[in-house]
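# An overview of the molecular structure
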Amino acid sequence: MNRPLAGVTVAFDLDGTLVDTAPDLIGTLNHLLVEDGLPALPLDQARPFIGHGARHLIRLGFQAAGQTLHPARLEQMFERFIPHYRDRIAEESRPFPGCEAALDGLAARGATLCVCTNKPSDLSEALLGQLGLASRFAAIVGPDRAAAPKPDAAHMQAAVAAAGGDIARAILVGDSGTDAGAARAAGAGLILVAFGYTEIPAADLNPDALIAHYDELPAACLRLMGACDA
């Protein structure tokens, strides 16, 4: 195989894009809810709350369960959430079908891969390490390693730079409006997955390409970069 994606950096969102983390994130949220005497939330109801950080998930989760958290109480819940989540970070979370083969296919075509996620960098590294995915990425950049988090362009720029890439030859693969905003602000290509966590349907976010399975990703990247397999 030739290397038609040499010089291209493909950045990935993590939650809802690379890995189906909803079972462990919502499992942790439900642990907090039940401890507070509130009903646990069904997975499908809470899934769209993921992607904007743990505080967002906690705030919307408690709201959906009938309780509004004031700022000080939200911080208390956040402090309880993180250690519990860390302990079960890869208990049920798994890469989406076809993900690993697609990553290997992109690398074989010359692409450099990185992660651009609003999950803190240490948690992202722990999750990807436990799932055996970390070594596939030249950089893993959470919001703590950027001047501002997605949807700010600075996050995408920081991830691509950390991987040694050029933002003019970069693509962001994500699942939500946060990812769409970051890619557009940075002037990068945008591929969205149709199976992620988003309150706005991915198709309505006008990506350059929308994929329903990871089998479609290498071809989508080639099309965006105007390249083709030999």
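For the structure, check the block above.
Residues numbered from 1 in each chain as written. Predicted model: local features only at pLDDT ≥ 70, side-chain atom pairs only at ≥ 80, totals over all residues. Heavy atoms only, no water.

## Thoughts on the nonpolar core
- Of all hydrophobic cores here, the largest spans 61 residues; its most connected members are F12, L18, F81, F137 and L217.
- With residues up to four places along the chain from it excluded, the contact list for L18 reads F12, D13, P95, F96, C99, L103, V115, F137 and Y214.
- With 21 residues, the next largest nonpolar core counts A11, A182, L190 and L205 among its residues. (Core = buried A, V, L, I, M, F, W, Y, C linked by side-chain atoms within 4.5 Å. Buried < 20%, exposed > 50% of the residue type's maximum accessible area, 1.4 Å probe, protein only. Contact = heavy atoms within 4.5 Å.)

## Some remarks on the pattern of salt bridges
- Per the counting criterion, the structure on display carries 15 salt bridges.
- With its nearest N and O atoms 2.7 Å apart, the salt bridge here joins R55 to E75. Taken together, the positions of R55 in helix 3 (residues 54-64) and E75 in helix 4 (residues 71-87) put the pair 20 residues apart, joining distant regions of the chain.
- Take R55: its relative accessible area is 36%, and that puts it in the partly exposed class.
- The class for E75 is partly exposed, based on a relative accessible area of 32%.
- Linking D104 and R136 is a salt bridge whose minimum nitrogen-to-oxygen distance equals 2.9 Å. (Salt bridge = Lys/Arg side-chain N within 4 Å of Asp/Glu carboxyl O. Helix = DSSP H or I, 4+ residues; strand = E, 2+ residues; numbered from the N terminus.)

## Quick look at the environment of V115
- Relative to the assigned elements, V115 resides in strand 4 (residues 112-116).
- The class of V115 is buried, set by a relative accessible area of 0%.
- With near-sequence residues (within four places) excluded, V115 lies in contact with F12, L14, L18, L128, F137, A139, I140, V141 and A159.

## A few points about the side chain of T117
- Within the secondary structure, T117 is located in the loop between strand 4 and helix 6 (121-130).
- In this structure, T117 is in contact with D13, L14, D15, S124, V141, G142, P143, K150 and H155, ignoring residues within four places of it in sequence.

## Side note on the packing of helix 7 (residues 153-162) against helix 8 (residues 177-186)
- Orientation of helix 7 relative to helix 8, taken along the N-to-C sense of each, is 75 degrees, at an axis distance of 7 Å. Relative to helix 8, helix 7 is oriented roughly perpendicular. From helix 7, A153, M156 and Q157 reach across to helix 8, where they touch A182, A185 and A186.
- Broken down by class, the residue content of the contact of helix 7 with helix 8 amounts to 5 nonpolar, 1 polar and no charged. (Axes fitted to C-alpha atoms, helices over the stretch in contact; angles between N-to-C directions. Parallel < 35°, antiparallel > 145°, perpendicular 65-115°, else oblique. Nonpolar A, V, L, I, M, F, W, Y, C, P; charged D, E, K, R; others polar.)

## Details of the packing of aromatic side chains
- Evaluation of the coordinates by the stated rule reveals 4 aromatic pairs.
- Consider the rings of F96 and F195, whose centres lie 4.7 Å apart with planes at 40 degrees: the pair is tilted. On the criterion of sequence distance, the pair formed by F96 in the loop between strand 3 (94-95) and helix 5 (99-108) and F195 in the loop between strand 7 (189-193) and strand 8 (209-211) is long-range, its members being 99 residues apart.
- Taking relative accessible area as the criterion, F96 reaches 10% and is therefore assigned buried.
- Classification of F195 by relative accessible area gives partly exposed; the value is 22%.
- One cation-aromatic arrangement involves R55 over F78; the distance from NZ or CZ to the ring centre is 3.7 Å. (Phe/Tyr/Trp six-rings, centres within 6.5 Å; stacked < 30°, edge-to-face > 60°. Lys NZ or Arg CZ within 6 Å of the ring centre and 35° of its normal.)

## Describing helix 6
- Three or more residues of helix 6 are buried, namely S121, L123, S124, L127 and L128. In an axial view of helix 6, the angular spread of the buried residues amounts to 160 degrees, which keeps them on one side of the axis.
- Considering only its buried residues, helix 6 is in contact with strand 2 (19-20), helix 4, strand 4 and strand 5 (139-141).
- In the segment just after helix 6, G132 is the residue with positive phi, at about 75 degrees. (Arc of directions from axis to C-beta.)

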